[in-house]
Protein chains: 2
Amino acid sequence: MPTGDLGVIIERATGTVQIVNTTTETTLAKIDQLGDLSHASIVYSRDERYAYVFGRDGGLTKVDLLKQEISNRVIQSGNSIGGAISQDGRYVAVSNYKPGGVKIFNSETLELVVDLPALGRDGQTSKTVGLVDAPGQKFVFSLFDSAEIWVVDLASGQPKVTKFYDVGSKPYDALISPNGRYYIAGLYGEDGMALLDLWYLDKGVKRILPDYGKGEQRLPVYKMPHLEGWAVAGNRAFVPAVGRHEVLVVDMNTWKQVGSIPVYGQPIFVMARPDGRHVWVNFAFPKNNTLQVIDTETLQVIHEKQPGKAVLHMEFNPRGEKVWASVRDENKVCIYDTSTFEQQKCLPADSPSGIFFTNRAHVIGL
Amino acid sequence: MPTGDLGVIIERATGTVQIVNTTTETTLAKIDQLGDLSHASIVYSRDERYAYVFGRDGGLTKVDLLKQEISNRVIQSGNSIGGAISQDGRYVAVSNYKPGGVKIFNSETLELVVDLPALGRDGQTSKTVGLVDAPGQKFVFSLFDSAEIWVVDLASGQPKVTKFYDVGSKPYDALISPNGRYYIAGLYGEDGMALLDLWYLDKGVKRILPDYGKGEQRLPVYKMPHLEGWAVAGNRAFVPAVGRHEVLVVDMNTWKQVGSIPVYGQPIFVMARPDGRHVWVNFAFPKNNTLQVIDTETLQVIHEKQPGKAVLHMEFNPRGEKVWASVRDENKVCIYDTSTFEQQKCLPADSPSGIFFTNRAHVIGL
């Protein structure tokens with residue numbers, strides 16, 4: 001069976017995942033026994049055969065899309081928050097809350113290769129967040145409690161760690177630009193964001209977007225927008241504002257905010273259609289029944305729809321002709337034509353959350 | 001067998017192709033009886049199972065990477081020059097010299113769905129060139145003899161053709177920008193290039209880069225650089241100069257030339273590493289034993305190597321950690337680490353030319 005048009009949908013309430021086909025738009029199989037999948041995410045092996053599922057309970061599960069079964073599973077910590085796969089596909093890294101730190105595994109065997117406790121300069125262990133892969137066999141992540149960013153270089157097989165201190169208070173999530181150059185962490189403890197240019201590590205971390213989050217009450221972490229969802233179209237990034245009904249427009253040459261677009265609620269995911277002409281936005285509770293579509297040239301909302309209660313995530317087909325949206329409280333995943341915005345069909349799913357297609361295997365930072 | 005880490009190498013002299021694996025860096029199979037493969041190219045089905053091989057003799061061959069055999073083959077014209085697959089994967093289009101025109105096939109059965117003779121406004125049939133796919137179920141191509149660009153919209157299932165006249169003398173090849181927005185045709189009969197913004201068809205075709213090719217003797221078409229190889233890094237495109245030992249730097253916001261980089265010979269392919277930090281360049285005879293690497297920030301040549309006689313094509317791994325280069329006259333394909341530039345290994349191949357990895361299935365315009 002070929003694997004280029006497959007995907008996995010997380011069913012968070014039941015600890016199950018669905019394997020789906022994006023050509024036939026059907027469910028191929030359901031796999032259970034994956035543990036706590038609230039806030040789970042996935043990366044793919046470079047052959048698009050295996051999905052590595054990062055569960056909230058510290059479980060790292062390797063799902064075989066061909067055999068439609070679990071091929072391996074380890075409980076690697078008590079509480080984890082996401083992972084990444086190295087540029088060459090040989091290593092899978094997991095970021096942990098309890099105990100903090102990052103563990104790096106052989107992607108074939110899930111044997112532990114590198115254990116990196118996140119012991120900050122302050123002598124305390126830290127939660128780790130915002131873990132991504134970067135070109136040159138690197139992983140990058142942030143230390144929530146110690147305000148640090150670490151770059152781990154595995155090019156030689158032995159980890160070489162470069163640490164950046166005082167990056168800003170409580171980095172809570174991060175993203176990497178689509179070309180793998182810029183690592184940007186959101187700060188929970190203060191306004192603004194921390195930017196690291198991975199092409200020039202010697203320039204260090206600088207602060208950008210000083211008004212980001214400004215004047216907002218500190219919100220619980222689980223309500224902060226997902227930074228990995230930043231959309232880039234041309235030179236501009238479309239960024240979910242914190243606690244406001246706005247999508248911000250940021251010039252990626254200057255890292256200044258150049259506009260803001262009023263939207264229906266507090267944005268959670270702001271995702272660019274692969275051609276960059278539109279961005280699709282979902283929202284926090286209680287506005288989470290709605291999707292809006294923004295034209296990236298006119299900066300206007302050009303379409304709005306109500307897929308149903310609790311629209312949690314979206315995923316575009318690789319070339320962007322369709323988008324899939326999970327509607328958790330209505331137990332369905334709905335598929336829309338991204339040109340006409342018409343609904344094509346819905347598939348039943350148990351409390352679906354994240355949707356991940358196999359083309360992510362080929363993309364830096366996903 | 002998964003299909004995410006496969007590729008196909010054209011062996012032009014023998015009418016054969018190799019199926020390769022980019023994880024193990026090995027040849028899996030050799031398929032013969034594909035006809036005249038000089039100047040052949042390939043697109044992939046959206047599941048990454050089938051390679052559609054466009055031969056010079058008008059042959060369209062569908063190769064099954066899983067079964068490692070030809071699954072279907074039609075001779076669709078007397079002389080063809082390349083093809084494309086639609087955004088949703090349902091249609092494969094082929095561009096023809098003799099007779100001119102474009103034929104569109106059902107990608108599953110290779111049944112002819114649409115026959116578009118390229119009858120220009122001048123009443124003459126034309127060679128067609130520069131055929132690409134674009135978002136919104138579109139194909140775009142140029143009429144060499146009639147100086148036209150046609151956009152074919154298949155969203156409704158019925159072709160809707162929009163024609164642009166007087167685009168410039170003798171368009172000979174074209175490219176589409178990575179986001180699928182800009183279609184740019186090179187002109188054989190005059191200086192400059194023709195640009196069509198596919199987001200705003202009503203604005204028509206405009207002329208850009210008025211000095212492109214200026215003052216050069218008209219060269220045979222087969223020596224013109226490959227436009228599909230344009231590299232984009234940030235806002236800048238890196239473009240092979242015509243007949244000069246230069247790579248041109250073009251600002252994609254203004255479409256003005258903003259720099260030129262002296263290189264070893266007449267560039268043929270100028271290709272960006274997926275992260276955009278480097279571009280790799282090969283050259284026309286007699287300088288075709290060499291590759292050069294340009295840093296896209298400093299615009300300096302930072303590395304040079306001699307893989308051997310007649311380096312015809314390069315292909316990067318999806319996340320860019322390696323590059324494969326075909327060395328036709330030494331019957332080998334060599335693999336290099338793109339960070340250290342070190343040679344990893346070489347695979348034997350009979351007069352290899354184009355190299356195409358399956359991740360192209362997921363990319364607009366490839």
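In this text the structure is predicted, and so the values were computed from the model without any measurement.

A. Representation of the interface of chain A and chain B in the model. The partner chain B presents 45 residues to the 45 residues of chain A that form the contact. Of the roughly 3500 Å² buried where chain A meets chain B, counting both sides, 45% is carbon and sulfur surface. It is Arg46, Trp199 and Arg319 of chain A that lose the most area in chain A upon contact with chain B, and together they represent 26% of the buried surface on that side. One can count 6 salt bridges joining chain A with chain B. Our count for the contact surface shared by chain A and chain B stands at 31 residue pairs in polar contact (both at pLDDT 80 or more). Among the residues forming the side of chain A that touches chain B, the class breakdown is 13 nonpolar, 18 polar and 14 charged.

B. View of the sheet that holds strand β24 (residues 267-272) of chain B. Residues and elements named next belong to chain B. Read from one edge to the other, the open sheet built from 4 strands follows the order β24-β25-β26-β27, with strand pairing classed as antiparallel. What marks the edges here is a single partner per strand, and that holds for β24 and β27 (301-305). Averaged over neighbouring strand pairs, the angle between their axes works out to 20° when direction is ignored. As paired elements, β24 and strand β25 (residues 278-283) share 4 bridges and run antiparallel to each other. Residue pairing in the sheet places Val270 in a bridge with Val281 of β25.

C. Quick look at the sheet that holds strand β25 (residues 278-283) of chain A. Residues and elements named next belong to chain A. Within the open sheet, the 4 strands sit side by side as β24-β25-β26-β27. Their pairing is antiparallel. Each edge of the open sheet carries a strand with a single partner, namely β24 (267-272) and β27 (301-305). With strand direction ignored, the average angle separating the axes of adjacent strands in the sheet is 20°. In terms of strand pairing, β25 meets strand β26 (residues 291-295) through 5 bridges, oriented antiparallel. Looking at the pairing, His278 lines up with Asp295 of β26.

D. Inspection of the side chain of Thr338 of chain B at higher detail. All names here are of chain B. Within the fold, Thr338 resides in the loop between β30 (332-337) and β31 (343-348). For Thr338, a relative accessible area of 1% gives the class buried. Looking at Thr338, its side chain comes within polar contact range of the main-chain oxygen of Gly320, at 2.6 Å.

Cut-off values and rules
- Residues numbered from 1 in each chain as written.
- Chains lettered and ligands numbered in written order.
- Predicted model: local features only at pLDDT ≥ 70, side-chain atom pairs only at ≥ 80, totals over all residues.
- Heavy atoms only, no water.
- Contact = heavy atoms within 4.5 Å.
- Buried area = accessible area lost by both parts, 1.4 Å probe.
- Salt bridge = Lys/Arg side-chain N within 4 Å of Asp/Glu carboxyl O.
- Polar contact = N/O pair within 3.5 Å; in protein donor to acceptor, adjacent residues only side chain to side chain.
- Nonpolar A, V, L, I, M, F, W, Y, C, P; charged D, E, K, R; others polar.
- Pairing = 2+ DSSP bridges.
- Helix = DSSP H or I, 4+ residues; strand = E, 2+ residues; numbered from the N terminus.
- Axes fitted to C-alpha atoms, helices over the stretch in contact; angles between N-to-C directions.
- Buried < 20%, exposed > 50% of the residue type's maximum accessible area, 1.4 Å probe, protein only.

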